[in-house]
Amino acid sequence: MTFIQTAPRLGNQYSDDPALQAWLSHTVPGEVRAEMEPTLREMGALAGGPLLEMQRVDTGREPVLTTWSPWGERIDRIEPTPLWREAERIAAELGLVATAYDGGLGPWNRVHQLALAYLFVPSTDMYGCPLAMTDGAARTLLDAGDEQLADRAVSRLVSRDPTRFWTSGQWMTELTGGSDVGASTTVARRGENGGWELHGRKWFTSAIASPMALTLARPEGNPAGGRGLALFYVETRDEAGRMRNIRVDRLKDKLGTRKLPTAEITLEGTPARLVGEAADGVRRITPMLNVTRLWNAVSSVAYMRRGIALARDYARRREAFGARLDEQPLHLDTIAGMEAELWGGIALTFRVAVLLGRAEQGEMEEGDELLLRLLTPVAKLTTGKQAVAVCSEALECFGGAGYVEDTGLPVLLRDSQVFPIWEGTTNVLSLDTLRVLGSGAAMGALHLHVETLGRGVRDPGLRELVKRAGEALRHAERWLAEALERGRADQEAGARRFALTIGRATALAEMTAIAQSMLDADGDGRGGAACRRFARAGVDLVVAVDLEDSRALARGERLNGQAT
Ligand code: MFK
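Residue indices follow the written sequence of each chain, beginning from 1 at its first position. pLDDT decides what is reported in this predicted model: residues at 70 or higher carry local features, side-chain atom pairs at 80 or more are listed and counted, and totals for whole chains, interfaces and linings draw on all residues regardless. Side-chain numbers come from the whole structure's heavy atoms, not from hydrogens or water.

### Some points on the side chain of Thr 512
Link 1 in the chain: What counts as a helix is a DSSP run of H or I of at least four residues, what counts as a strand is a run of E of at least two, and both are numbered from the N terminus. By the secondary structure assignment, Thr 512 is in helix α18 (residues 495–522).
Link 2 in the chain: Think of it in three bands: with a 1.4 Å probe and only protein chains considered, a residue is buried below 20% of the maximum accessible area for its type, exposed above 50%, and partly exposed in between. Residue classification places Thr 512 among the buried residues on the basis of a relative accessible area of 0%.
Link 3 in the chain: For Thr 512, the residues in contact, after removing those within four places along its chain, are Val 457, Leu 462, Leu 465, Val 466 and Cys 531. In this analysis, two residues are considered to be in contact whenever any of their non-hydrogen atoms come within 4.5 Å of each other.

Following this line, the structure appears as structure tokens:
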């Protein structure tokens, strides 16, 4: 009989996940966890069952932009795929945004919400993107203290009723100002009725089908740069469903995230409402940036987890060279390395969720504010890189099948490649990390945090590892001070290695605390195994690099001198 390979299968994505289980069990107080658990279990079953099946059926479908009606009217209608329509309903009903705002768990609401998102996002082909922006818009509008907008928009953004629920877009990127948002050229003018109208071209507008968006524009007469921009609220369609002076020029033909309608649009006098003062737009939109960066980190670890879950299951089903893959040392070694990265990614990312949760409930402890500001970009940039590496490895675990479209595997890698790019590239966020550390106070808060984690670690092997995390942080700090003496260029050139060291060292310290708690609870050494494995892959990445070498290599120019 012809041999047919069994495909990988997924079970309940909550109960089958040792890394998430370990983090929740050893961080969240028991009574709080008991409150969260039923919804996490429900979401885990959905994500590994009916939602996964819907995703399979939706394979290959993409949103459709219809520019003109049959009778010549410009309509710019965007039709999402069936999976995305269903994802929106589920997201509203199960409170994927709302849980952060109306949950009953106080400072743990964020952890609860983002654990739900972690389970949900990989089975919806990145429906986390509109949800991230929706959450970011709610946070931004609440922080702005605009009561009318809170009534009109926030009540919908955080609604659990699918008929009221709105998602929000975030329109920042322009042709001139990609990462450099301050270079944006969209102009805001007063219209005939005295209200603001926006004119300009937005080059990358994700989730363009959303009923509202937050965007930046420069009120006429304002100075150049980010301070001259202002934050605006836009409702995209009028009562009759027509676009409000917004032309959708085309949808982007992207490498991945293809269910997500990302558009180029032209604003042709779009009515808008100013949020706050008519200046300092970049600063005003930073709550949105920070919330979406955290969602990005959560989605990165969620994609890592999905790749591992598939590879792990397949390894049980696949035989080659006379044995199942999960009996073969090198294959086990490969998956173990991926799993250790996941434990580290979860520990780092959910620490940020804990901090944000406390901040939102006004329950911050000393140093929390600095830690939150520092670890948000660090978690985003660290996990973005991890996700691409782990998803790439996951495909390789399937051999040739991982490279074949209708297995549903290649999309994991294509989608994960977005994580290091959008919401601030690795380099932009590394420079942001330098900016945060400018005062020196944030590094002090981080040392204190790692020392506090270390004080609870008693196992000798784990103590060595938490010591190593502390040493990596001190080395990074010394490098920063020395690089500053050598000049700004030296510091900027090393910013990525520096930021990744902060990320990996913090993750390792967090992991040792979980590992100790696991040992104490019932002698389970898996946490320790994850720490050892994670540490072996490298924690301290700071090295001295010659700027002249970089210049010659990057520009392809001749370098006079001898190899040393
Ligand atoms: C699955 C989930 C993923 C969700 C994805 C959603 C899809 C969205 C698709 C997109 O990718 S949207 C576009 C994303 N674009 C970016 O993220 C922009 C990347 N660039 C930066 O982040 C730059 O660092 C920045 C634009 C912020 C630099 O702009 P400026 O004009 O040079 O601003 P400046 O002077 O550095 O900062 C202005 C103020 O904001 C300063 O405060 P002060 O006015 O008090 O001095 C900064 O300290 C402050 N600031 C900047 N970044 C901040 C911040 N404050 C808090 N948090 C931050 N992150």
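We are not done yet, so read on.
### Section: the pattern of salt bridges
Oppositely charged side chains are able to pair whenever their charged atoms sit close together.
Link 1 in the chain: Put simply, a salt bridge is a Lys or Arg side-chain nitrogen that is within 4 Å of an Asp or Glu carboxyl oxygen. Taken as a whole and judged by the stated rule, the model has 49 salt bridges.
Link 2 in the chain: A salt bridge links Glu 264 to Lys 252; the shortest N-O distance between them is 2.9 Å. With a gap of twelve residues between them, Glu 264 in strand β9 (residues 263–274) and Lys 252 in the loop between β8 (246–251) and β9 connect regions that are remote in the sequence. As far as burial versus exposure is concerned, Glu 264 and Lys 252 are alike and both buried.

### Considering the site of the ligand
Link 1 in the chain: Ser 179, Arg 227, Asn 290, Arg 293 and Arg 435 are the nearest of the 27 residues found near the ligand.
Link 2 in the chain: At a separation of 2.9 Å, a nitrogen atom of the ligand approaches a polar backbone atom of Ser 179.
Link 3 in the chain: Measuring from an oxygen atom of the ligand, one finds a side-chain N or O atom of Arg 293 at 2.9 Å.
Link 4 in the chain: Shrake-Rupley sampling with a 1.4 Å probe provides the accessible areas, and residues are treated as covered by the protein chains on show and by no other component. Compared with its free state, where it exposes 1,200 Å², the ligand has 79% of that area covered by protein.
Link 5 in the chain: Element by element, the count of residues in the shell around the ligand is highest for helix α10 (residues 286–317), at seven residues.
Link 6 in the chain: Here the shell around the ligand is built from residues that sort into ten nonpolar, eleven polar and six charged.
Link 7 in the chain: When residues are assigned to domains, the shell around the ligand turns out to be shared by domain 1 (18–135 + 285–416) and domain 2 (168–284), each giving three or more. Proximity is defined per residue: any heavy atom of the residue falling within 4 Å of a molecule or strand makes that residue near it. Two N or O atoms count as a polar contact when they lie within 3.5 Å, although within protein this holds only if one can serve as hydrogen donor and the other as acceptor, and sequence-adjacent residues are included solely when both atoms are side-chain atoms. Side-chain classes are defined by residue name, with Ala, Val, Leu, Ile, Met, Phe, Trp, Tyr, Cys and Pro counting as nonpolar, Asp, Glu, Lys and Arg as charged, and the others, Gly among them, as polar. Residue ranges for the domains originate in an automatic or database domain assignment.

### Some words on the side chain of Thr 270
Link 1 in the chain: On the secondary structure map, Thr 270 appears in strand β9.
Link 2 in the chain: With sequence-adjacent residues up to four places away left out, Thr 270 is seen in contact with Trp 196, Glu 197, Leu 198, Val 234, Arg 244, Asn 245 and Ile 246.

### Digging into the domain arrangement of the protein
Link 1 in the chain: Taken domain by domain, the protein comprises domain 1 (18–135 + 285–416), domain 2 (168–284) and domain 3 (426–555).
Link 2 in the chain: A straight line from the C-alpha centre of domain 1 to that of domain 2 covers 28 Å.
Link 3 in the chain: Across the boundary between the two partners, domain 1 contributes 28 residues, which contact 30 residues of domain 2.
Link 4 in the chain: Here the buried area means the combined drop in accessible surface, using a 1.4 Å probe, for two parts upon being joined, counting both sides. Overall, the association of domain 1 and domain 2 removes approximately 2,400 Å² of surface from exposure, summing both partners, and the carbon and sulfur fraction of that is 64%.
Link 5 in the chain: The largest contributions to the domain 1 side of the interface with domain 2 come from Ile 78, Met 133 and Ile 285, which together make up 28% of the buried area.
Link 6 in the chain: In this assembly, domain 1 and domain 2 are joined by three salt bridges.
Link 7 in the chain: Residues Asp 58 and Lys 259 are paired through a salt bridge, measuring 3.2 Å at the closest nitrogen-oxygen approach.
Link 8 in the chain: At the junction of domain 1 with domain 2, the criterion picks out 14 residue pairs in polar contact (both at pLDDT 80 or more).
Link 9 in the chain: Contributing elements (two or more residues each) for the side of domain 1 that touches domain 2: β2 (74–79), α7 (128–144), α10 and α13 (410–416).

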